[in-house]
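So the chains spell out like this:
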Amino acid sequence: MPAPLVVAALVALAYAALIGAHARVIRRHRVRGAYEPRAALWLASRFGPLPAPADAGERLASTERRATDALLTGALDPAEYRARMTALAAQEARERPLRVSR
């Protein structure tokens, strides 16, 4: 009989950890239009006023700018730069999907 209780406790612990991680993201990197679960919003608001959501474009642009500067100064080799730009493009596709009107 204790095995189902252990499994239920582990699932509850994992859920609490995910909500806590999401609340941390809301507190640090809030993006306009991103999904914010109610439980995570509630938890994040317990630690003070929530920051205003930022436009994803500005954050992505600054990330690209830093990678380009690192490439031009020689701190980053071209292969690593291409890998970072690939990851950045995938992140932008998730955060800002292209909407085409018909």
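Look up: the structure comes first, before these words.
Quantities reported herein were computed from a predicted structural model and do not represent experimental measurements.

1. Re the packing of helix α1 (residues 2-28) against helix α2 (residues 38-45)
- One can describe the packing of α1 onto α2 by two numbers: an axis separation of 8 Å at closest approach and a directional angle of 60°. Taken together, the axes of α1 and α2 lie oblique to each other. At the point where α1 passes α2, the crossing takes the right-handed sense. Contacts from Ile19, Gly20, His22, Ala23, Ile26 and Arg27 of α1 reach α2 at Ala39, Ala40, Leu41, Leu43 and Ala44.
- Partitioned by chemical class, the residues of the contact of α1 with α2 number 8 nonpolar, 2 polar and 1 charged.

2. A word on the pattern of salt bridges
- A complete count under the given rule lists 2 salt bridges for this structure.
- For Arg30, the salt bridge identified is with Glu36, shortest N-O distance 2.9 Å. Assigned by exposure class, Arg30 and Glu36 land together as buried.
- Note that Glu80 and Arg84 form a salt bridge whose closest N and O atoms lie 3.4 Å from each other. Placement of the pair is Glu80 and Arg84 together in helix α4 (residues 78-95), with a separation of 4 residues, close to one helical turn.

3. Overview of the environment of Pro51
- Assignment of secondary structure puts Pro51 in the loop between α2 and α3 (56-73).
- On the basis of relative accessibility, which here comes to 29%, the residue Pro51 falls in the partly exposed class.
- Separated by 28 residues in sequence, Pro51 and Ala23 have C-alpha atoms that sit 12 Å apart.
- Ignoring anything within four residues of it in the chain, the contact list for Pro51 reads Ile26, Arg27 and Arg30.

4. Considering the environment of Gly48
- With respect to the helices and strands, the residue Gly48 is situated in the loop between α2 and α3.
- Among the residues examined, Gly48 registers a relative accessible area of 25% and is labelled partly exposed.
- Note: C-alpha distance between Gly48 and Ala34 (14 residues apart in sequence) is 20 Å.

5. Considerations on the nonpolar core
- By size, the foremost hydrophobic cluster in this structure holds 7 residues: Leu60, Ala67, Ala70, Leu76, Tyr81, Met85 and Leu88.
- Contributions of two or more residues to this core are made by α3 and α4.
- Non-local contacts of Tyr81, meaning those with residues more than four positions away in its chain, are made with Ala67, Thr68, Leu71 and Leu76.

6. What about α1?
- Given a rise of 1.5 Å per residue, 27 residues ought to cover 39 Å, and the 39 Å separating the end C-alpha atoms of α1 matches this to within 8%.
- Regarding α1, the residues found buried are Ile19, Ala23 and Ile26.

7. Things to note about α4
- Between its first and last C-alpha, α4 extends 25 Å over 18 residues, near the 26 Å set by a 1.5 Å rise per residue.
- Between the side-chain oxygen of the N-cap and the backbone nitrogen of Ala79 there are 3.1 Å, and the N-cap of α4 in question is Asp77.

Procedures and definitions
- Residues numbered from 1 in each chain as written.
- Predicted model: local features only at pLDDT ≥ 70, side-chain atom pairs only at ≥ 80, totals over all residues.
- Heavy atoms only, no water.
- Axes fitted to C-alpha atoms, helices over the stretch in contact; angles between N-to-C directions.
- Helix = DSSP H or I, 4+ residues; strand = E, 2+ residues; numbered from the N terminus.
- Parallel < 35°, antiparallel > 145°, perpendicular 65-115°, else oblique.
- Left-handed = near helix turned anticlockwise from the far one by under 90°.
- Contact = heavy atoms within 4.5 Å.
- Nonpolar A, V, L, I, M, F, W, Y, C, P; charged D, E, K, R; others polar.
- Salt bridge = Lys/Arg side-chain N within 4 Å of Asp/Glu carboxyl O.
- Buried < 20%, exposed > 50% of the residue type's maximum accessible area, 1.4 Å probe, protein only.
- Core = buried A, V, L, I, M, F, W, Y, C linked by side-chain atoms within 4.5 Å.
- Expected span 1.5 Å × (residues − 1).
- Polar contact = N/O pair within 3.5 Å; in protein donor to acceptor, adjacent residues only side chain to side chain.

Any functional reading would require information that these geometric values do not contain.
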